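Working through the structure, step by step
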Amino acid sequence: MTQQTVLEIWTDGACKGNPGPGGWGVLMRFGAHSHELYGGEAQTTNNRMELTAVIEALSAVKRPVPIVLHLDSSYVRNGITGWIHGWKKKGWRTSDGKPVKNVELWQQLDLLAGKFDIDWRWVKGHAGDPGNERADELANMGAAQFAE
């Protein structure tokens, strides 16, 4: 039996001002192959860019493979692995009855994440993890396209 290769993904978001020009970055590694993605928006928030990075990464995956997704956003990790279940039960409302912020991104991420077996791994940002550092560089490249 052959061992199945795991797709490793690192994602990050960046924002110059919050709100302000922002970017997202993705580093993907599958065996010896790697792929980088980045982009941004002129007026956004850090949380929107963190979510967009994961959405863009999962949108780029063409077939179901096991995924280890490294991210430095507790907001995204806690949201997708925990909070989202309550939000959906409450009609996309928070525990205090307010509408979930970035609901359209959460709904998109929920649909994408359901297609894959994902091990969500939080990593400390700016702490020397090479994949996270590269995702951060890519996110900043995305934001730089919209900075004045």
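Here the structure is a predicted model, which is why all the values come from computation and not from measurement.

Okay, the nonpolar core next. Ranked by internal contacts, the top residues of the largest apolar core, which has 33 residues, are Ile-9, Leu-58, Ile-67, Leu-69, Trp-106, Leu-109 and Trp-120. At the level of elements, strand E1 (7-15), strand E2 (20-30), helix H1 (46-60), strand E4 (67-71), helix H2 (74-89), helix H3 (103-113) and strand E5 (118-122) are the ones that each hand at least two residues to this core. No other element matches H1, which puts seven residues into this core. With sequence-adjacent residues up to four places away left out, Ile-9 is seen in contact with Val-26, Leu-27, Met-28, Ala-57, Leu-58, Val-61, Ile-67, Val-68, Leu-69 and His-70.

This next bit is on the side chain of His-70. For His-70, the position within the fold is in strand E4. What makes His-70 buried here is its relative accessible area of 8%. At 2.7 Å, the side chain of His-70 forms a polar contact with the side chain of Glu-8. Setting aside its immediate chain neighbours within four residues, His-70 contacts Glu-8, Ile-9, Trp-10, Thr-11, Arg-121 and Val-123.

Attention now moves to the environment of Gln-43. With respect to the element layout, Gln-43 can be found in strand E3 (residues 33-44). We classify Gln-43 as exposed; its relative accessible area is 57%. For the pair Gln-43 and Cys-15, spaced 28 residues apart in the sequence, the C-alpha separation amounts to 9.0 Å. Setting aside residues no more than four positions away along its own chain, Gln-43 makes contact with Pro-19 and Gly-20.

Looking now at the side chain of Thr-52. Looking at the element boundaries, Thr-52 is found in helix H1. Aside from chain neighbours lying at most four places away, what touches Thr-52 is Trp-24 and Leu-105.

Looking now at the pattern of salt bridges. The full count for this structure, using the stated rule, is six salt bridges. Of the charged contacts, one joins Arg-134 and Glu-36 as a salt bridge, the two residues approaching to 2.8 Å between their closest N and O atoms. Taken together, the residues span a long stretch of sequence, with Arg-134 in helix H4 (residues 130-144) and Glu-36 in strand E3 at a distance of 98 residues. The exposure class assigned to Arg-134 is partly exposed, which follows from its relative accessible area of 25%. A relative accessible area of 36% places Glu-36 in the partly exposed class. Ionic pairing is found between Asp-119 and Arg-121, a salt bridge with its closest N-O pair at 2.9 Å. Judged by relative accessible area, Asp-119 falls into the partly exposed class, the value being 34%.

This next bit is on unusual backbone geometry. In this structure, Pro-19 follows Asn-18 across a cis peptide bond, with omega equal to 20°. Following the sequence through the fold, Pro-19 ends up in the loop between E1 and E2. In this model, Asn-102 sits at a positive phi of 60°, which is unusual for a non-glycine residue. With respect to the secondary-structure elements, Asn-102 resides in the loop between H2 and H3.

Thresholds applied
Residues numbered from 1 in each chain as written. Predicted model: local features only at pLDDT ≥ 70, side-chain atom pairs only at ≥ 80, totals over all residues. Heavy atoms only, no water. Core = buried A, V, L, I, M, F, W, Y, C linked by side-chain atoms within 4.5 Å. Buried < 20%, exposed > 50% of the residue type's maximum accessible area, 1.4 Å probe, protein only. Helix = DSSP H or I, 4+ residues; strand = E, 2+ residues; numbered from the N terminus. Contact = heavy atoms within 4.5 Å. Polar contact = N/O pair within 3.5 Å; in protein donor to acceptor, adjacent residues only side chain to side chain. Salt bridge = Lys/Arg side-chain N within 4 Å of Asp/Glu carboxyl O.

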